[in-house]
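A structural walkthrough
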Amino acid sequence: MQEFALLIDIPIARVMGVDDEVEQIYGETRKAICAYLLCLGVPASQAQEVMQEVYLRLYQTTRKGEIIHNMRAWLFRVAHNLGLKVRARERSFRAVNPDWDRFVHPVTESPERTMLDRERMSRVAVALESLSPQQRNCLYLRSEGLRYREIAEVIGISSSTVNEFLRRAIARLAEAVNG
Amino acid sequence: MDKTTHMSDADLILFTDQEMRADSATKAERHLNVCADCRKRLNDLRSGAAAYEEYRQQILKPAFGSAATDWDAIRDRLAKEKSRKRSFWFEPAMLWAGAALAFGLIVFILYLQRSSRPEVTELLTKAAAVPESTRGAVLLTVGGHHWLRPAVFRGGESAVAVPAGERFTVQHVHALFVEAHYSWEDPLSARSFAVWRYQLPQKQDEVTLIRGVDGKRRFYRVKTRTAAGILRTASLTLQADTYRATTAAFEFQGEDPVELSEQSVEGAGTARQEVQENSARHPKVTETRAGPEDELRVFAALNAIGADAEEPIDVKLDAKRQHVLVTGMGMPPARQKEVENALAELPNTIVHFNSAVPGRNAAPNNEKPDTYTADSRSPFRQSLETRAGGPGQLQTITDRALDTSNAMFAQAHSLLVLAQEFPPNVELGLRGSDRETLLGLRQRHVGAIEYAVWQLRDELNPLLEGEPAQGSPPHNSKNSSWQGSAEELFEAARNLNELVSRLLAGSNAEQAGGEMLNQLPSDLSKLEELIRAQSAAER
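These numbers were taken from a predicted model, which means no experiment stands behind them. (Residues numbered from 1 in each chain as written. Chains lettered and ligands numbered in written order. Predicted model: local features only at pLDDT ≥ 70, side-chain atom pairs only at ≥ 80, totals over all residues. Heavy atoms only, no water.)

Across its full length, chain A carries 8 helices and 1 strand. Reading the secondary structure of chain A in the N-to-C direction produces β-α-α-α-α-α-α-α-α. Split into buried and exposed, the 179 residues of chain A put 50% on the buried side. Taking the contacts inside chain A whose residues are at least 6 apart along the sequence as the reference set, 64% of them involve residues at least 24 apart. (Helix = DSSP H or I, 4+ residues; strand = E, 2+ residues; numbered from the N terminus. Buried < 20%, exposed > 50% of the residue type's maximum accessible area, 1.4 Å probe, protein only. Contact = heavy atoms within 4.5 Å.)

This next bit is on the overall build of chain B. Looking only at helices and strands, one finds 17 helices and 10 strands in chain B. As presented, chain B carries roughly 26100 Å² of accessible surface, and 52% of it is formed by carbon and sulfur atoms. (Areas by Shrake-Rupley, 256 points an atom, 1.4 Å probe, with all protein chains shown as cover.)

Along the chain, the position of Glu450 of chain B falls in helix α15 (residues 432-464). Along the chain, Glu450 of chain B and Met408 of chain B lie 42 residues apart, while their C-alpha atoms are 8.2 Å from each other.

All right, on to the pairing of strand β7 (residues 258-262) of chain B then. Residue and element names in this part refer to chain B. Where strand β1 (residues 137-142) lies against β7, 5 bridges are found, and the strand directions are antiparallel. Note that in β7 the partner of Thr141 across the bridge is Glu259. Bridge count for strand β6 (residues 245-252) against β7 is 4 bridges, and the pairing is antiparallel. The partner of Phe250 across the bridge, within β7, is Val258. Between β6 and β7, which pair antiparallel and follow one another directly, the connecting turn spans 5 residues, one of which, Gly254, has a positive phi of 70°. (Pairing = 2+ DSSP bridges.)

The final tally for this structure, using the stated rule, is 13 aromatic pairs over all chains. Seen from their ring centres, Tyr26 of chain A and Tyr55 of chain A are 5.0 Å apart, and the 85° between their planes marks the pair as edge-to-face. In this pair, Tyr26 of chain A sits in helix α2 (residues 18-40) while Tyr55 of chain A sits in helix α3 (residues 44-63), placing the two residues 29 residues apart along the sequence. There is no split in this pair, since Tyr26 of chain A and Tyr55 of chain A are both buried. When the ring of Tyr36 of chain A is compared with that of Phe76 of chain A, the centres are 5.5 Å apart and the planes differ by 90°; the resulting orientation is edge-to-face. Taken together, the residues span a long stretch of sequence, with Tyr36 of chain A in helix α2 and Phe76 of chain A in helix α4 (residues 71-89) at a distance of 40 residues. For the pair Tyr36 of chain A and Phe76 of chain A, one class covers both residues: buried. Ring-pair connections join several aromatic residues into one group, and the members of that group are Phe177, Tyr182, Trp184, Phe193, Trp196, Phe250 and Phe252 of chain B. Above the face of the Tyr140 of chain A ring, Arg56 of chain B is positioned so that its terminal group lies 5.5 Å from the ring centre. (Phe/Tyr/Trp six-rings, centres within 6.5 Å; stacked < 30°, edge-to-face > 60°. Lys NZ or Arg CZ within 6 Å of the ring centre and 35° of its normal.)

Scanning all chains against the criterion turns up 25 salt bridges over all chains. Between Lys337 of chain B and Glu29 of chain B there is a salt bridge; the shortest N-O distance is 3.4 Å. Remark: Glu29 of chain B occurs in helix α2 (residues 22-34) and Lys337 of chain B occurs in helix α11 (residues 333-343); sequence separation between them is 308 residues. Here Lys337 of chain B falls in the partly exposed class, since its relative accessible area comes to 41%. Residues joined in a network through salt bridges with shared partners are Arg72 and Glu144 of chain A together with Glu53 and Arg56 of chain B. (Salt bridge = Lys/Arg side-chain N within 4 Å of Asp/Glu carboxyl O.)

Residue and element names in this part refer to chain A. Within the largest apolar cluster, 76 residues are counted, with the highest numbers of intra-cluster contacts made by Leu37, Tyr55, Leu58, Leu75, Phe76 and Leu139. It is α2 that provides the largest number of residues to this core, a total of 12 residues. Residues in contact with Leu58, not counting those within four places in the same chain, are Val22, Ile25, Ile68, Met71, Trp74 and Leu75. (Core = buried A, V, L, I, M, F, W, Y, C linked by side-chain atoms within 4.5 Å.)

So, on to the confidence of the model for chain B. Residue and element names in this part refer to chain B. Mean pLDDT over chain B stands at 76; residues scoring 70 or higher make up 76%. Below a pLDDT of 50 lies the segment residues 265-287, which in the model reaches 29 contacts outside its immediate sequence neighbourhood of four places, other chains included. With pLDDT under 50 throughout, residues 356-374 is counted as low confidence; its partners more than four residues away or in other chains account for 56 contacts. The ipTM for the predicted assembly is 0.79, set against a pTM of 0.40. (pLDDT = per-residue confidence, 0-100.)

Residues and elements named next belong to chain A. Its 20 residues place the ends of α3 29 Å apart at the C-alpha level, agreeing with the 28 Å of an ideal helix rising 1.5 Å per residue. Looking at α3, one finds that the buried residues are Ala47, Val50, Met51, Gln52, Val54, Tyr55, Leu56, Leu58, Tyr59, Thr61 and Thr62. Positive backbone phi, at 90°, marks Gly65, one or two positions downstream of α3. (Expected span 1.5 Å × (residues − 1).)

Before going further, it helps to spend a moment on helix α8 (residues 159-178) of chain A. All names here are of chain A. Taking 1.5 Å of rise per residue, the 20 residues of α8 would be expected to cover 28 Å, and the 27 Å separating its terminal C-alpha atoms lies within 8% of that figure. Three or more residues of α8 are buried, namely Val162, Asn163, Phe165, Leu166, Ala169, Ile170, Leu173, Ala174, Ala176, Val177 and Asn178. A positive backbone phi angle near 85° is found at Gly179, which sits one or two residues after α8.

Spelled out as structure tokens, the structure:
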């Protein structure tokens, strides 16, 4: 493989307008970021404000010409930090209230099958409630496709700790579904 | 790590998430091949992770869906931010600094214009227009191994000359490209890069101007990142003066990096010769279009090793009908190897395994529940225990019957897949020997279903004693073709499987449970009728 010496980076913002670029990234990532904020326990009303702040910071950073090498990890990290600040002001953690009526087995859709699946999912919900917030966050970010080092960067812990959080969380879930 | 030292849960999770170092992963894989205990724990952990994924998709996402803020609100804040920035620059104290900055900016823009760095689309468009006639060989590098291949495969030929022992690696890389919708025929080209990039729903581009090691030649490197699909990052290096593609790098999710580099002009002749020599040494697997007969051979090979039922394996023709794609999810490494070996010699076949646990659509809903939610205190459960001869006996019956019922359902699903993949018009187009193969596969599935139903009757007999022998009215199949009859049979098998699960693993009130018990003989009879109809269906 040929070797090269780096001359200059052309930031992505030079190819597209900063506004357009941020809007595009927003469109691609907003659901995941918003879900993560709610997962952190940020109330829905405040999650909107935090979301605005996250993308405003992205705009500022991009406009400064700083290159973000891993956009998803960067956004999750900013959302994580802002979300924790908001949560610190909140007195109580607000857990997600599952909408069980939405849960319909997509293959059979029979009431009995749905009931069995709901029972299984309710066991998962109970297991999730028993996890620490860090364990839940690691699980969520893992599901979003982040690698351990990225999760570690978002949460501010080491990769081996991410592994340990995930081990405990997944083992608890496995126990809940397998008995 | 040897046979006697078990893997820790942390290592099993690292292995599942492909976070292990390559050498450790190889050792772990070797260990899992010989250690049933670790394999079981691995599967348990994977089922836990899969349950979370299901919960996230079904419960969390809908609950979170409506909370995202509107872009308009962010745009308003951006507008305020810009106006705040402008007022800052119009401060008198900043005017001189602003003028100096503007001057510097003009110089910078002039510099950039001189260096003529175009944007991504423009770059790729220009590069795609470069003639291909002079392109020779390409060096493919994966995990420290190198292979030479022609830059472009033409006329349906798509093989890389490789020793037999390394064929799996190249086949695997080939499968990755196919799955990522990135041209394997012409991977080191701006056109292929642009086609792949264009179909991405979301992406992030980066253009870098770089200099060759000689310090003179300049190159553009276009890098596109995406969270969609398995190909997460691809970069293409183009000569700045000719826009000719010289190298490419690909990062597939959880895979070793794949690199391609054009051979130097001087070396191209040698490389072409080497490709030819390699080809002579290692006979190529030349490929034509794949058809139903190829798919059928895959089914037959899987059947021979018992992998066409109760395994999370999917077989289908790709969209271009060039390959039979065999994908497996969440299978133990040892089983993956067995499948790979069974399919190794089949033409036009690409095998790809995903370490993730199988999704809901990957296989019939035939999970074997390890625990049951039955309420042992309910009167109905107690009456079943009495019929069975005690709680222990009932548990044994439950375990066996659920296993048998799941196996029966999996076989019915496999028969349905055959019926769907080989409808009457496709079957008619098969050669005689292929039709015999198809018939053999059908008969094996029908035989397995028949045996399972017989076994189920036997296992459930203690519970059915004393029940009126309520046979179902004779069931006349609406379908004369075996394909149509297979769909009816699948429906009946699914109903019976659900009934058995609800009866034995559910918490039932006495009346509802009694009705299920009454229904069981007629559901069994109906399925037996359909099995007979399937056997009698014209060939």
